[in-house]
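Each chain, written out:
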Amino acid sequence: MQDYGVIQSENQFFKTLNNVLIDIKREDLLHPEVSGNKLRKLKYNVLHAQEESINTLVTYGGAFSNQIAATSAAAKIAGLSSIGIIRGEELGLNLKKTLASNNTLLTAHNNGMKFHFVTRESYKQKDDQYYRELFKEHGKLMIIPEGGTNQLAIQGTKEILTDQDKSHYDFIAVAGGTGGTAAGIIESSAPNQKVLVFSALKGGFLKEEINKLTLRSNFQVFSENRFGGYARSDNELIKYMNSRFRESGVPLDPIYTSKMMFHLEDLILKGVFPKDSRILAIHTGGLQAIAGYNQMLKRKRREEITYEFEI
């Protein structure tokens, strides 16, 4: 994770709807394994670890976590060790079987990540000090929160918008989980821009989290109240993903960006945006989760994401 300075991604036309332009910033193409907002969040964390002679990164995540996959890859690139605290004790009962059916954990395992599987109740506690003591034999540790949000992460997400982005677009749209990517974009956005944050979770807590990370107020948060909450979907969303990929060539992930774009189009159709508005949506990556998501859809005999093997 050598510091190559400010990394820029390309903006791609996505759709024009009701005289409103939607472009999408392809952060998902920044790196084949550490893509999207995870590269931004991990960049300064890894540099800090190297500067402080920290040899092991520890982070949290579920069975299909982008954070787990990206941290394992970033650690490998930087010559560091990594440990993943994984939600779901049952996943560790037969690791060979788990890896055979879970591309996310298989990728992390192949990157050298060591797993520590915990019950869902223990996972909620996320006791950093407990894990520092538990893993002390691994050397000097750096614990990165679930989702990767800390001040070093926000330092990285501030670099997503370019000067041209700030002058050309009226609205910036971004999906949110822990608020770190949104906070960085809000902090770096132009005073006249409004940032639209589409939460991947139900409830209004994300606005409170973002308010802890920025003093600026030029943003609005939309809760995930259409598809049932985090990682939930219905056939309409899957059809939408497949349709938009065929139209635009842009693959969306089922947990974050697809819901953001679906909601964004719905708002445009409802006349929320002035005519000739220009919107830049941030593609935060997460495509590695599609394989596991499709396995779940197949088990439930539901429609699948058809571009899994085209990306």
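Placed above this text is the structure.
A brief look at the structure comes next. (Residues numbered from 1 in each chain as written. Predicted model: local features only at pLDDT ≥ 70, side-chain atom pairs only at ≥ 80, totals over all residues. Heavy atoms only, no water.)

## So, the pairing of strand β8 (residues 194–199)
Taken across its six residues, β8 has five buried, putting it largely inside the fold. In this structure, strand β7 (residues 171–176) lies alongside β8, joined through six bridges in parallel fashion. Directly across from Gly176, in β8, lies its bridge partner Ser199. Taken together, β7, helix α9 (residues 180–188) and β8 constitute a β-α-β crossover, and its handedness is right-handed. As paired strands, β8 and strand β9 (residues 219–222) are joined by four bridges and run parallel to one another. Residue pairing for β9: Phe198 is matched across the bridge by Phe222. In the classification by handedness, the crossover that spans β8, the intervening helix α10 (residues 205–213) and the parallel β9 is right-handed. (Buried < 20%, exposed > 50% of the residue type's maximum accessible area, 1.4 Å probe, protein only. Helix = DSSP H or I, 4+ residues; strand = E, 2+ residues; numbered from the N terminus. Pairing = 2+ DSSP bridges. Right-handed = clockwise from strand over helix to strand, strands pointing away.)

## Some words on the packing of helix α1 (residues 36–51) against helix α2 (residues 66–78)
Packed helices, taken two at a time, are described by their axes: the angle between them and the distance between them. Axis separation between α1 and α2 bottoms out at 10 Å; the angle between their running directions is 40 degrees. Of the possible angle classes, the one that applies to α1 and α2 is oblique. Like other packed secondary-structure pairs, α1 and α2 cross with a definite hand, here right-handed. When α1 is examined against α2, the residues Lys38, Leu42, Val46 and Gln50 are found in contact with a partner set consisting of Asn66, Gln67, Ala70, Thr71, Ala74 and Ala78. Across the contact of α1 with α2, the residue classes tally to five nonpolar, four polar and one charged. (Axes fitted to C-alpha atoms, helices over the stretch in contact; angles between N-to-C directions. Parallel < 35°, antiparallel > 145°, perpendicular 65-115°, else oblique. Left-handed = near helix turned anticlockwise from the far one by under 90°. Contact = heavy atoms within 4.5 Å. Nonpolar A, V, L, I, M, F, W, Y, C, P; charged D, E, K, R; others polar.)

## Some points on helix α12 (residues 257–269)
A rise of 1.5 Å per residue sets the reference length of α12, with its 13 residues, at 18 Å; its end C-alpha atoms lie 18 Å apart and thus fit the reference within 8%. Within α12, ten of the 13 residues are buried, leaving the element largely enclosed by the surrounding structure. Along α12, the residues that are buried comprise Thr257, Ser258, Lys259, Met260, Met261, Phe262, Leu264, Glu265, Leu267 and Ile268. Gly271, located one to two residues past α12, shows a positive phi value of around 80 degrees. (Expected span 1.5 Å × (residues − 1).)

## A closer look at the pattern of salt bridges
All chains considered together, the criterion is met by 20 salt bridges. The partner of Arg87 in a salt bridge is Glu146, and the shortest N-O contact between them spans 3.8 Å. Within this pair, whereas Arg87 is found in strand β4 (residues 81–87), its partner Glu146 is found in the loop between β6 (141–144) and α7 (151–157), the two being separated by 59 residues in sequence. For Arg87, a relative accessible area of 29% puts it in the partly exposed group. Between Arg246 and Glu310 there is a salt bridge; the shortest N-O distance is 3.0 Å. Within this pair, whereas Arg246 is found in helix α11 (residues 235–248), its partner Glu310 is found in the segment after α13 (290–299), the two being separated by 64 residues in sequence. With relative accessibility at 46%, the residue Arg246 sits in the partly exposed group. What you see here is one network of salt bridges that share partners, running through Lys15, Arg244, Glu247 and Glu265. (Salt bridge = Lys/Arg side-chain N within 4 Å of Asp/Glu carboxyl O.)

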